[in-house]
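Descriptive analysis of the structure
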Amino acid sequence: MMFNVRHYERLGSTNDEARRLAAEGAEHGTVVHADEQTAGRGRLARTWFSPAGNLYLSLVLRLETPPARRQELSFLASLAVADTVDAMLPKHVRAMLKWPNDVLIAGAKIAGILIEQADDATIAGIGLNILHTPASAGYKTTSIVASGGLASVDGARDILLDRFGKRLAVWQANGFGPVRDAWMERAHPIGASLRVMVSGETVEGAFGGLDTDGALLLDVPGGRQRVVAGDVGVV
Ligand code: BT5
């Protein structure tokens with residue numbers, strides 16, 4: 001897949017600039033890359049710590065799949081980020097995935113993914129900590145350098161785009177099945193205990209796998225619950 005990278009020194013949010021470009025007709029594969037963000041966003045209006053020295057980019061994707069399947073992209077993006085992290089870190093370190101879109105190194109969050117729909121385009125925003133981590137995020141965070149890798153933002157970008165393109169091609173050709181299998185292979189094992197926020201309430205249960213659409217299957221005392229990605233957080 002061909003990427004057309006547009007580089008900026010500073011933006012509010014790369015997702016917002018990607019939306020703006022998409023509205024102007026930017027083509028599939030347009031990439032917005034900023035050295036730093038002044039208003040980086042997480043999910044649910046949370047802030048993404050975005051000083052210069054980390055990777056911040058957003059891809060404009062024009063896909064034929066129905067909007068209902070777009071959340072599958074957050075699993076695909078998580079995998080591409082995990083591939084990138086593995087390529088940049090010593091061999092014995094391996095990124096682990098946690099539902100719905102966390103990429104962890106030894107339990108610490110190293111990246112964030114924000115998939116948004118902008119009319120007929122999908123925006124895939126990815127932040128990957130290379131040099132810096134926030135002082136306090138409420139949980140452990142890490143970076144490539146803190147995990148024993150070399151500081152190279154452009155190197156990380158090139159690897160990430162390559163891996164994203166490859167994972168996207170598999171998804172387009174074969175659907176969510178192979179993405180789901182690859183995600184499960186890197187995630188918490190079946191039966192792992194998870195705490196998930198559903199509509200403001202914390203639900204505890206055992207990981208029962210990913211449903212065919214990416215929903216979390218959570219085994220709770222009353223039976224099996226389906227938790228849909230997007231509007232919940234893992235505590
Ligand atoms: C995410 O949200 O993890 C999605 C973050 C997406 C950021 C990218 S950067 C490029 C593109 N442009 C944007 O404006 N956004 C995207 P969420 O799961 O809601 O996690 C947000 C929480 O992570 C915050 O509330 C903090 O606790 C923590 N956090 C903030 N900055 C962080 C960082 N740099 N590294 C690790 N954790 C961070």
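This structure is a prediction, so every number in the text was calculated from the model and none was measured.

With that settled, the discussion passes to the site of the ligand. Close to the ligand lie 27 residues; S13, R41, R46, N129 and Y139 are nearest. Interatomic distance of 3.0 Å between a side-chain N/O atom of Q37 and a nitrogen atom of the ligand. At 2.8 Å, a side-chain N or O of N129 approaches a nitrogen atom of the ligand. Relative to its free-state accessible area of 790 Å², the ligand is covered by the protein chains to the extent of 94%. It is strand β6 (residues 108–118) that provides the largest number of residues to the shell around the ligand, a total of four residues. When the residues that make up the shell around the ligand are grouped by side-chain class, the tally is ten nonpolar, 13 polar and four charged.

In space, the seven strands of this open sheet follow the order β1-β2-β3-β7-β6-β5-β4, with mixed pairing throughout. In the strand order of this sheet, the two ends are held by β1 (4–11) and β4 (96–98), each with one partner. Across this sheet, the average inter-strand angle for adjacent strands is 20 degrees, counted without regard to direction. Here β6 runs beside strand β7 (residues 121–128); their pairing, made up of eight bridges, is antiparallel. When the bridges of β7 are listed, Q117 appears paired with T122. Together, β3 (55–61), β4, β5 (102–105), β6 and β7 form the strand contacts of helix α2 (residues 72–88), whose direction differs from that of β6 by roughly 145 degrees.

Next up on the list: the side chain of T142. One can find T142 in the loop between β7 and α3 (153–174). For T142, a relative accessible area of 10% translates into the label buried. A polar contact of 3.1 Å, which involves the side chain of T142, links it to the side chain of S147. Aside from chain neighbours lying at most four places away, what touches T142 is I105, A108, K109, I110, N129, T133 and S147.

Here we come to unusual backbone geometry. The step from W99 to P100 runs through a cis peptide bond, and the omega angle for that step is 0 degrees. The topology assignment puts P100 in the loop between β4 and β5. With a phi close to 60 degrees, A45 is a non-glycine residue in the positive phi region. With respect to the secondary-structure elements, A45 resides in the loop between β2 (30–37) and β3. Its identity is not glycine, yet A106 carries a phi of approximately 45 degrees, on the positive side. With respect to the helices and strands, the residue A106 is situated in the loop between β5 and β6.

With 22 residues, α3 should cover 32 Å at 1.5 Å per step; its first-to-last C-alpha distance of 31 Å lies within 8% of that length. What α3 keeps buried is the set A156, R157, L160, L161, F164, G165, L168 and W171. Along α3, the residues classed as buried sweep out an arc of 160 degrees about the axis, all on the same side. The exposed set on the far side of α3, more than 90 degrees from its buried face, consists of K166, A173 and N174. Those residues of α3 hidden inside the fold are in contact with β1, β2, β3, α2, β7 and α4 (176–186). One side-chain oxygen at the N-terminal end of α3 lies 2.9 Å from the backbone nitrogen of G155; it belongs to S152. Just downstream of α3, G175 is the residue with a positive phi angle, here 80 degrees.

Turning to the environment of S147, a few remarks are in order. Its location among the elements puts S147 in the loop between β7 and α3. Sequence separation between S147 and P90 is 57 residues; the distance between their C-alpha atoms is 8.6 Å. Ignoring anything within four residues of it in the chain, the contact list for S147 reads L89, P90, V93, I105, I110 and T142.

Parameters at a glance
- Residues numbered from 1 in each chain as written.
- Predicted model: local features only at pLDDT ≥ 70, side-chain atom pairs only at ≥ 80, totals over all residues.
- Heavy atoms only, no water.
- Near = heavy atom within 4 Å.
- Polar contact = N/O pair within 3.5 Å; in protein donor to acceptor, adjacent residues only side chain to side chain.
- Areas by Shrake-Rupley, 256 points an atom, 1.4 Å probe, with all protein chains shown as cover.
- Helix = DSSP H or I, 4+ residues; strand = E, 2+ residues; numbered from the N terminus.
- Nonpolar A, V, L, I, M, F, W, Y, C, P; charged D, E, K, R; others polar.
- Pairing = 2+ DSSP bridges.
- Axes fitted to C-alpha atoms, helices over the stretch in contact; angles between N-to-C directions.
- Contact = heavy atoms within 4.5 Å.
- Buried < 20%, exposed > 50% of the residue type's maximum accessible area, 1.4 Å probe, protein only.
- Expected span 1.5 Å × (residues − 1).
- Arc of directions from axis to C-beta.

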